[in-house]
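Listed below, chain by chain, are the residues.
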Amino acid sequence: MASESNFTNFMERMWADYIKMTPQALQIYNLLQQNGETIINDHIALRTFNHPRLGIKSLAQHFTKYGYKESGEYFFVEKKLYAKHYQHENKEYPKIFISELELQKVSPLIQEIVSNCVNQISDAAIQDENFVFSGRHWICQHSVYEKLAKESEYASWVYAYGFRPNHFTVNINVLKNFSDILKLNNFLKQQGTKLNASGGEVKGTPQELLEQSSTMAAEIPVQFADGIYNIPGCYYEFAKRYPMTNGELYQGFIAKSADKIFESTNKNSM
Ligand code: NI
């Protein structure tokens, strides 16, 4: 099995890619630290397509080699997504949530665009662990991005950004002064942070054993072959977990909540 220090380094490189894309997350991270908090990631989310060369497994292999195990599956019928989460016996390690767009359920247009993109990626690139934050491997047209977004915001996001963490998630349980999600949300809003309000700012309830909130992804300039355009990037999420009857904190995800959280990268949802 690959070593712990290699894994820490792998995580650090992934975080570096993420904050380059998401300065807002770094600002919040720094703000919480300045308030005396230690930040631990609850989970990191990755997106892909269920193409035979690129499905969940092609990303998951870079985590299972460090000892991660498949721990749950989720269905998002309307968005045509399927997801799995992976977790490590070391509870300090973030869970990895990987979703994929179910290509057999989308239009021939999306199928063709995706297959074109996938054909431009080498097997060697997919096998390299850096693949999970390697970005885009194809030439990208803004006009195509717009076409994809009309049918699937998810497809358009992966088309524009490629493979990279879509969000990191702060573990609220270990925060000292913000262990209440409403208190944390109010603090963030006072600092001018825009939260995703789709389905309410807090998704999930203590009875469901998981409460989540997230920022709305800020628009960032992206270079397309036909010019530079501002489009929604990545977001920062916050998760609070509650104990199950055996006293252990619930470690899974709630599909109904995740469904709304996916919309944090939508252009027109607010
Ligand atoms: Ni998440």
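Look a little higher up for the structure.
The backbone of lysine 80 shows a phi angle near 60 degrees, a positive value even though the residue is not glycine. Along the chain, the position of lysine 80 falls in the loop between strand E2 (69–76) and strand E3 (81–87). The phi torsion at leucine 209 lies on the positive side, around 75 degrees, for a residue other than glycine. Structurally, leucine 209 can be placed in the loop between helix H8 (181–190) and strand E6 (210–214).

Moving on, we get to the coordination of the nickel ion. Ideal donor angles around a metal are set by the shape: a four-donor tetrahedron calls for 109.5 degrees, a six-donor octahedron for 90 or 180 degrees. At this site the nickel ion is bound by His43 (NE2), His167 (NE2) and Glu237 (OE), with donor distances of 2.1 to 2.2 Å. Each donor residue of the nickel ion lies on the same chain, and together they follow the pattern H-x123-H-x69-E. Of this pair, histidine 167 sits in strand E5 (residues 167–171) while glutamate 237 sits in strand E9 (residues 235–241), and the two are 70 residues apart along the sequence. We note that histidine 167, like glutamate 237, is buried.

A separate point is the environment of lysine 147. As for its position among the elements, lysine 147 is in helix H6 (residues 142–151). Note on lysine 147: relative accessible area 47%, which makes it partly exposed. Linking lysine 147 and leucine 109, residues 38 residues apart in sequence, is a C-alpha distance of 8.9 Å.

This brings us to the packing of aromatic side chains. Each aromatic ring pair is summarised here by two numbers: the centre-to-centre distance and the angle between the ring planes. Scanning the entire structure with this criterion turns up 28 aromatic pairs. Measuring from centroid to centroid gives 6.2 Å for tyrosine 18 and tyrosine 236, while their planes differ by 50 degrees, and the two rings are tilted. Pair noted here: tyrosine 18 is in helix H1 (residues 4–21) and tyrosine 236 is in strand E9, with a separation of 218 residues, a long-range link. The exposure class assigned to tyrosine 18 is buried, which follows from its relative accessible area of 0%. An angle of 40 degrees between the planes, with centres 5.1 Å apart, marks the rings of tryptophan 157 and tyrosine 161 as tilted. Pair noted here: tryptophan 157 and tyrosine 161 are both in helix H7 (residues 153–161), with a separation of 4 residues, about one helical turn. Since its relative accessible area comes to 2%, tryptophan 157 is described here as buried. One residue, arginine 47, lies across the ring of tryptophan 157, its end atom 5.0 Å from the ring centre. Sitting over the ring of phenylalanine 253, arginine 241 keeps its end group 5.1 Å from the ring centre.

Below, the discussion takes up the packing of helix H4 (residues 108–118) against H6. Where H4 contacts H6, the axes come no closer than 10 Å and their chain directions differ by 135 degrees. The pairing of H4 with H6 is recorded here as oblique in orientation. Our pair here, H4 against H6, has a crossing hand that is left-handed. Each of Leu109, Ile110 and Ile113 in H4 lies in contact with H6, whose residues at this interface are Val144, Lys147, Leu148 and Glu151. Of the residues that constitute the contact of H4 with H6, the class distribution is 5 nonpolar, no polar and 2 charged.

About the criteria used
- The residue count restarts for each chain, going from 1 along the sequence in the order it is written.
- Confidence filtering applies because this is a predicted model: local features only for residues at pLDDT of at least 70, side-chain atom pairs given and counted only at 80 or more, and all residues used for totals across whole chains, interfaces and linings.
- In computing side-chain values, all of the structure's heavy atoms are included and hydrogens and water are not.
- Secondary structure elements are defined from DSSP: runs of H or I of at least 4 residues count as helices, runs of E of at least 2 residues count as strands, and each element is numbered from the N terminus.
- A donor here means an N, O or S atom no more than 2.8 Å from the metal, or no more than 3.2 Å when the metal is Na, K or Ca. Since water is not included, a site may seem to lack partners.
- Burial classes: relative accessible area under 20% of the type maximum marks a residue as buried, over 50% as exposed, and values in between as partly exposed (1.4 Å probe, protein chains only).
- Working definition: rings of Phe, Tyr and Trp (its six-membered ring) pair if their centres are within 6.5 Å, and the pair is stacked with planes under 30 degrees apart, edge-to-face with planes over 60 apart, and tilted otherwise.
- Look at NZ for Lys and CZ for Arg. If either is within 6 Å of the ring centre and within 35 degrees of the ring normal, a charge sits over the ring.
- Axis lines are fitted to C-alpha atoms, over the contacting stretch for helices. Their N-to-C directions set the angle, which ranges from 0 to 180 degrees.
- Reported orientations rely on four angle classes, namely roughly parallel under 35 degrees, roughly antiparallel over 145, roughly perpendicular from 65 to 115, and oblique for the rest.
- Handedness of each helix crossing follows the sense of rotation of the near helix against the far helix: counterclockwise by less than a right angle gives left-handed, clockwise gives right-handed.
- Contacts were defined at the residue level, with two residues in contact if any of their heavy atoms lie within 4.5 Å.
- As a working rule, the residues Ala, Val, Leu, Ile, Met, Phe, Trp, Tyr, Cys and Pro are called nonpolar, Asp, Glu, Lys and Arg charged, and the rest polar, with Gly in that last group.

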